[in-house]
Structures are given as C-alpha cells and as structure tokens.
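# Observations on the model geometry
Here is how the chains run, residue by residue.
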Amino acid sequence: MGNPIKDLFDKVSLIKDIAERENIICNYQKYCLLDRDDAIKKIQ
C-alpha cells in the first residue's frame, strides 16, 4: 500500500496545478492576456 500522506499531498498538488492552469486560461479568455512565462512554466 502507498503512503496515505503522500497520496493526499499528490492529490492536493494536482488540484492546485489544475486550478492554476484554469486561471491562466480564464485570464486569456476574459482579457486576451497571456502571461507567456507563467504558461510555459506550467506546461513544463
């Protein structure tokens, strides 16, 4: 079995990454602004 604390941390980290990516997309859709450096950092 895996470590439940590590599994929880991984889930929280994944949720945070998804929220940050959604924020980048939302800002682009609303304001047609794209923080290129931030977007590239999230993709990598």
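Described below are features of the structure shown in this document. Here the structure is a predicted model, which means the values were calculated and not measured.

Quick look at the overall build of the protein now. Counting secondary structure elements, the protein contains two helices and zero strands. With respect to the three principal axes, the spread of C-alpha positions in the protein is 45 × 20 × 10 Å. Across the 44 residues of the protein, 7% fall into the buried class. Accessible area for the protein stands at about 4300 Å²; split by element, carbon and sulfur atoms hold 61% of it. When the 8 positive and 8 negative side-chain charges of the protein are each reduced to one mean point, those points stand 0 Å apart.

So, on to helix 1 (residues 4-31). For helix 1, spanning 28 residues, the distance from its first C-alpha to its last is 40 Å, which sits close to the expected 40 Å at 1.5 Å a residue. Its side-chain oxygen placed 3.0 Å from the backbone nitrogen of isoleucine 5, asparagine 3 serves as the N-cap of helix 1. Just downstream of helix 1 lies cysteine 32, where phi reads positive at about 55°.

Position of tyrosine 28 among the secondary structure elements: in helix 1. On the basis of relative accessible area, tyrosine 28 is assigned to the partly exposed category, the value being 45%. In this structure, the C-alpha to C-alpha distance between tyrosine 28 and alanine 39, residues eleven residues apart in sequence, is 11 Å. With residues up to four places along the chain from it excluded, the contact list for tyrosine 28 reads Leu33 and Leu34.

Criteria and cut-off values
- Residues numbered from 1 in each chain as written.
- Predicted model: local features only at pLDDT ≥ 70, side-chain atom pairs only at ≥ 80, totals over all residues.
- Heavy atoms only, no water.
- Helix = DSSP H or I, 4+ residues; strand = E, 2+ residues; numbered from the N terminus.
- Buried < 20%, exposed > 50% of the residue type's maximum accessible area, 1.4 Å probe, protein only.
- Areas by Shrake-Rupley, 256 points an atom, 1.4 Å probe, with all protein chains shown as cover.
- Lys, Arg positive; Asp, Glu negative; His and termini not counted.
- Charge placed at Lys NZ, Arg CZ, Asp CG, Glu CD.
- Expected span 1.5 Å × (residues − 1).
- Polar contact = N/O pair within 3.5 Å; in protein donor to acceptor, adjacent residues only side chain to side chain.
- Contact = heavy atoms within 4.5 Å.

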